[in-house]
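Listed here are the chains, written in short residue letters.
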Amino acid sequence: MTASGTSRGAPVVEVEHVTRRFGNVVALDDVSLSVPEGELLGLLGPNGAGKTTLLSLVSGLRKPDAGTVRLFGGDPRAAASRLALGTTPQETGLPPTLRVSEVVALVAGHYPDPMSTDELLTRFGITELARRQTGGLSGGQKRRLAVALALVGRPRLVLLDEPTTGLDVEARHVLWQALRDYHADGATVVLTSHYLEEIEALARRVVVVGHGRVLADGGIDDVLALVARRRVLLTVPPAARLAVEALPDVEVVEAQPVGSRASGELASSRVDAHADDVRLTLLAADADAVVRGLVGAAIPFRGLEVRGASLEEAFLALTSDGPHDERPHDERPQDGRAPHGHPQHGTDDERAARLAPAHEGER
Ligand SMILES: Nc1ncnc2c1ncn2[C@@H]1O[C@H](COP(=O)(O)OP(=O)(O)OP(=O)(O)O)[C@@H](O)[C@H]1O
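Residues numbered from 1 in each chain as written. Predicted model: local features only at pLDDT ≥ 70, side-chain atom pairs only at ≥ 80, totals over all residues. Heavy atoms only, no water.

(A) A look at the site of the ligand. Around the ligand sit 15 residues, and of these Gly 48, Lys 51, Thr 52, Thr 53 and His 194 come closest. Contact between the ligand and Ala 49: an oxygen atom at 3.0 Å from a main-chain N or O atom of the residue. Note that an oxygen atom of the ligand is positioned 2.8 Å from one of the side-chain N or O atoms of Lys 51. Contact with the protein chains covers 65% of the free accessible surface of the ligand, which is 630 Å². Looking at the shell around the ligand, the element that brings in the most residues is helix α1 (residues 51-58), giving 3 residues. When its residues are assigned to classes, the shell around the ligand shows 5 nonpolar, 7 polar and 3 charged. (Near = heavy atom within 4 Å. Polar contact = N/O pair within 3.5 Å; in protein donor to acceptor, adjacent residues only side chain to side chain. Areas by Shrake-Rupley, 256 points an atom, 1.4 Å probe, with all protein chains shown as cover. Helix = DSSP H or I, 4+ residues; strand = E, 2+ residues; numbered from the N terminus. Nonpolar A, V, L, I, M, F, W, Y, C, P; charged D, E, K, R; others polar.)

Here it is, written out as structure tokens:
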């Protein structure tokens, strides 16, 4: 899968076969990635996937253990390479006694052609905060200011680590628009997120990262098709389970006796439940097709529920589709990317353990 027509210029970021460990933890495992000028790229992945580590290598905060990272063609650890870079870390310290306008002026003073305070605060919808001391701002207001500060020097490349964490819906939308506008002015933007919705709203190209590897890399529509699964819950007699598993394009991810509290069985449908019935949770791309399949195969089911799969479930599905590549790195394909939908890592148990708990309701 390739980025869908979004490659507009020479690469501003080049990551080649990069591995980074923290003690025994392999945070990045042979990752390769190139970001052309003018792209708006979303890095999507669960907790601990390696997104922050990747950004820290690109911004020169850390060095890779193996492989190379280039920023504007140079070493990210050299100050000259970072002149046109703007970043917002996940956690931001602002001088608490300075007013917002003073902080903007302080940061602007480091750049040859900064945005005016007015322009910056207007873009981010925070002009009313100009005279407030940063120590008195709410968490969300601090976050908006921190993201705004990444843009004050008019950087050609902006790296944003979870820019909208902790923001309410309205603030999140204002910030998205500010980033879209900045990108439309010609900048390259790379942001990380746990939220598929956020990536969908902003990015044209998406890289899905999981346990330190690139699991998918492509246009937003391609990646959405990979991760947009539905979760179908239903109760069947135990003898029918095999028939359900045999339905096309269906993955049974959980089976619980209906007597079990963890089964998720609705109280109303528990009344006529048989003790040995099982509550199945399926993942499928097309829930309608599952229902047609159930009816067509005359499978006796009840308590049907259809929900959006959580992003974590989608990641799990993504990581369990492909064959496990046991080969050492130097014997794997040399482009460094997992093929479309065919990631290369870990046993099912290892994958389940490494993926973080589900963020319910994200999708
Ligand atoms: N300084 C560190 N010391 C030890 N382990 C670390 C350090 N930084 C990251 N790690 C580990 O490396 C792995 C990748 O972490 P990273 O922060 O890059 O993930 P992430 O995708 O940004 O996660 P999140 O979405 O939770 O921010 C995790 O297992 C993490 O615990």
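(B) Representation of unusual backbone geometry in the model. Not every positive phi belongs to a glycine, and Arg 154 is a case in point at roughly 50 degrees. The residue Arg 154 is located in the loop between α4 (139-151) and β6 (157-161) in this model. For Arg 154, a relative accessible area of 33% gives the class partly exposed. Unlike most non-glycine residues, Glu 162 shows phi in positive territory, near 50 degrees. Considering the arrangement of structural elements, one finds Glu 162 in the loop between β6 and α5 (169-184). Taking the relative accessible area as the measure of exposure, Glu 162 reaches 13% and is therefore buried. (Buried < 20%, exposed > 50% of the residue type's maximum accessible area, 1.4 Å probe, protein only.)

(C) Broad picture of the sheet that holds strand β9 (residues 213-219). Overall, mixed pairing links the 6 strands, which are arranged β5-β6-β7-β3-β8-β9 in an open sheet. Edge positions in the sheet fall to β5 (85-88) and β9, since each of these pairs with one other strand and no more. Sheet twist, expressed as the average angle between the axes of neighbouring strands with direction ignored, equals 15 degrees. Both strand β8 (residues 205-210) and β9 contribute to a ladder of 6 bridges, which runs antiparallel. Each bridged residue has a counterpart across the sheet, and for Arg 205 the counterpart in β9 is Gly 219. Strand contacts of α1: β3 (40-44), β6, β7 (188-193) and β8, with the helix running at about 150 degrees to β6, the strand carrying the most contacts. Here α4 sits on the sheet in contact with β5 and β6, set at roughly 170 degrees to β5. (Pairing = 2+ DSSP bridges. Axes fitted to C-alpha atoms, helices over the stretch in contact; angles between N-to-C directions. Contact = heavy atoms within 4.5 Å.)

(D) Main features of the pairing of strand β10 (residues 230-236). Among the 7 residues that make up β10, 6 are buried, leaving the element largely enclosed by the rest of the structure. Two strands pair when backbone bridges link them, and β10 and strand β12 (residues 278-284) are joined in this way by 7 bridges, in the antiparallel orientation. When the sheet's bridge partners are listed, Val 236 is paired in β12 with Val 278. Both β10 and strand β13 (residues 302-308) contribute to a ladder of 5 bridges, which runs antiparallel. Across the sheet, the residue bridging to Arg 230 is Gly 308, located in β13.

(E) Fine view of the pattern of salt bridges. Tallied over the full model, the rule gives 14 salt bridges. A salt bridge links Arg 213 to Asp 29, with the shortest nitrogen-to-oxygen separation between them at 3.8 Å. Of this pair, Arg 213 sits in strand β9 while Asp 29 sits in strand β2 (residues 25-36), placing them 184 residues apart in sequence. Of the charged contacts in the structure, one is a salt bridge between Arg 123 and Glu 119, with a shortest N-O distance of 3.1 Å. Highlighted residues: Arg 123 and Glu 119, both in helix α3 (residues 117-123), separated by 4 residues, approximately one helical turn. A relative accessible area of 21% places Arg 123 in the partly exposed class. (Salt bridge = Lys/Arg side-chain N within 4 Å of Asp/Glu carboxyl O.)

(F) Expanded view of the sheet that holds strand β4 (residues 66-71). In spatial order, the strands read β2-β1-β4; together these 3 strands make up an open sheet with antiparallel pairing. Looking at strand neighbours, the two that pair on one side only are β2 and β4, the edges of this open sheet. On average, each strand axis in the sheet is inclined to that of its neighbour by 20 degrees, with strand direction left out of account. Sheet topology note: the strand β1 (residues 11-22)/β2 ladder contains 8 bridges and is antiparallel. Considered in β2, the bridge of Val 13 is made with Val 35. Sitting on the sheet, α1 is in contact with β1, β2 and β4, with an inclination near 120 degrees to β1.

(G) Examining the side chain of Asp 30 more closely. Tracing the sequence through the fold places Asp 30 in strand β2. In this structure Asp 30 is buried but unpaired, with Arg 213 as the nearest side chain of opposite charge at 4.5 Å. Looking at Asp 30, its side chain comes within polar contact range of the side chain of His 17, at 2.9 Å. (Lys, Arg positive; Asp, Glu negative; His and termini not counted.)

(H) Spatial organisation of the packing of α4 against α5. Look at α4 against α5: their axes get within 11 Å of each other, and the N-to-C directions meet at 5 degrees. In terms of their interaxial angle, α4 and α5 are classed as roughly parallel. Residues Arg 144, Val 147 and Leu 151 of α4 pack against Ala 171, Val 174, Leu 175, Leu 179 and Tyr 182 of α5. In terms of residue class, the contact of α4 with α5 is built from 7 nonpolar, no polar and 1 charged. (Parallel < 35°, antiparallel > 145°, perpendicular 65-115°, else oblique.)

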